[in-house]
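Observations on chain architecture
Residue-level listing of the chains:
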Amino acid sequence: MTTLTTPPLSTLLPELFTAAAAADAPLRAELARMSPDERAALMRGAGTDYRAFYGRARDMYLPISPETGKLLYILARTRRARVIVEYGTSFGLSTLHLAAAVRDNGGGRVIGTELEPGKVSQARANLARGGLADLVEIRDNADDSPEYLARVRSPAGGYVSVPFGDDVELSMRSPA
Ligand SMILES: C[S@@+](CC[C@H](N)C(=O)[O-])C[C@H]1O[C@@H](n2cnc3c(N)ncnc32)[C@H](O)[C@@H]1O
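As a starting point, this report considers the structure included with it. Everything numeric here is computed off the predicted structure, so don't read it as measured data.

The next point concerns a nonpolar patch on the surface. A cluster of nonpolar side chains, contributed by Val83, Val85 and Tyr87, occupies part of the molecular surface with about 260 Å² of accessible area. Looking at the secondary structure, you find Val83 in strand 1 (residues 83–87).

Another point: helix 5 (residues 93–104). Here helix 5 spans 17 Å end to end across twelve residues, near enough to the 16 Å set by a 1.5 Å rise per residue. Counted residue by residue, helix 5 has ten buried out of twelve residues, so it is predominantly covered. Listed in full, the buried residues belonging to helix 5 are Leu93, Ser94, Thr95, Leu96, His97, Leu98, Ala99, Ala100, Ala101 and Val102. Looking at the buried side of helix 5, the elements it contacts are helix 1 (9–33), helix 4 (66–78), strand 1, strand 2 (109–113), helix 6 (117–129) and strand 3 (136–139).

Right, let's talk about the side chain of Thr95 for a bit. Note on placement: Thr95 falls in helix 5. What Thr95 contacts, discounting residues up to four positions off in sequence, is Glu86, Thr89, Val110, Leu127 and Val136.

Close contacts around the ligand come from 17 residues, with Ile64, Gly88, Ser94, Glu114 and Lys119 the closest. The contact in question runs from a nitrogen atom of the ligand to an N or O atom on the backbone of Gly88, over 2.8 Å. The contact in question runs from an oxygen atom of the ligand to an N or O atom on the side chain of Lys119, over 2.8 Å. Compared with its free state, where it exposes 610 Å², the ligand has 88% of that area covered by protein. Looking at the shell around the ligand, the elements that each hand over two or more residues are helix 3 (50–56) and helix 5.

Moving on, we get to the environment of Tyr87. Here Tyr87 lies in strand 1. For the pair formed by Tyr87 and Pro26, sequence separation is 61 residues and the distance between their alpha carbons is 25 Å. Once residues lying within four places of it in the same chain are set aside, the contact partners of Tyr87 are Thr113, Asp143, Asp144, Ser145, Tyr148 and Leu149. A polar atom in the side chain of Tyr87 sits 2.9 Å from the side chain of Ser145.

Take the packing of helix 4 against helix 5 next. How two helices sit against one another is set out by the angle between their axes and by the gap between those axes. As a packed pair, helix 4 and helix 5 sit with axes 8 Å apart at the nearest point and diverge in direction by 25°. Here helix 5 runs roughly parallel to helix 4, going by the angle between their axes. You can see that helix 4 and helix 5 cross each other, and the crossing is right-handed. Note on element contacts: helix 5 touches helix 4 through Ser94, His97, Leu98, Ala100, Ala101 and Asp104, opposite Pro66, Gly69, Lys70, Leu72, Tyr73, Ala76 and Arg77. Residue composition of the contact of helix 4 with helix 5, by class: seven nonpolar, three polar and three charged.

About the cut-offs
- Residues numbered from 1 in each chain as written.
- Predicted model: local features only at pLDDT ≥ 70, side-chain atom pairs only at ≥ 80, totals over all residues.
- Heavy atoms only, no water.
- Patch = residues over 30% accessible without salt bridge, like charges linked within 9 Å, V, L, I, M, F, W, Y side chains within 5 Å.
- Areas by Shrake-Rupley, 256 points an atom, 1.4 Å probe, with all protein chains shown as cover.
- Salt bridge = Lys/Arg side-chain N within 4 Å of Asp/Glu carboxyl O.
- Helix = DSSP H or I, 4+ residues; strand = E, 2+ residues; numbered from the N terminus.
- Expected span 1.5 Å × (residues − 1).
- Buried < 20%, exposed > 50% of the residue type's maximum accessible area, 1.4 Å probe, protein only.
- Contact = heavy atoms within 4.5 Å.
- Near = heavy atom within 4 Å.
- Polar contact = N/O pair within 3.5 Å; in protein donor to acceptor, adjacent residues only side chain to side chain.
- Axes fitted to C-alpha atoms, helices over the stretch in contact; angles between N-to-C directions.
- Parallel < 35°, antiparallel > 145°, perpendicular 65-115°, else oblique.
- Left-handed = near helix turned anticlockwise from the far one by under 90°.
- Nonpolar A, V, L, I, M, F, W, Y, C, P; charged D, E, K, R; others polar.

What is shown is where atoms sit, not what they do.
Next comes the structure, spelled out in structure tokens:
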């Protein structure tokens, strides 16, 4: 038995993924109507003006998939992670998986960041419902931290970094 597969998370996660599917349905339908070129142009625009883009998406979860969540849990468990930093917490679906892994690894700390104040409040509430609030700090005033991101993407600094799926980039420091 794990934190992920027992209550409250075993019931909270399906509830939140269902809520996310409903909240994000209009955006997904709009994206499905676009041509590949239009979608690429939208994502290029998001990259250059991401604050405006995510401001318009303030009510959307844009979550990882349930499968990616489980994969994050397995990776963090396998690595015995006790400290995890996440950029882009949104409503906290990925964070719940990461914090569950840290709990099952014996405790530690998950630091999340989120631009949108409404999402920060909702993520904190979801983590409280999941019984994981004691492990998680969500920072609402983080900048883009380009130096930090460059460091955790640097093989010379001992990190392995990989984007996977459409929406996750994972960086891990090799064991000393
Ligand atoms: C794809 S969603 C993240 C989904 C989340 N990881 C999950 O699985 O539920 C991206 C989120 O990152 C936030 N975001 C974008 N740029 C950010 C930044 N520079 N700092 C903090 N949050 C950011 C957006 O507001 C948005 O909520």
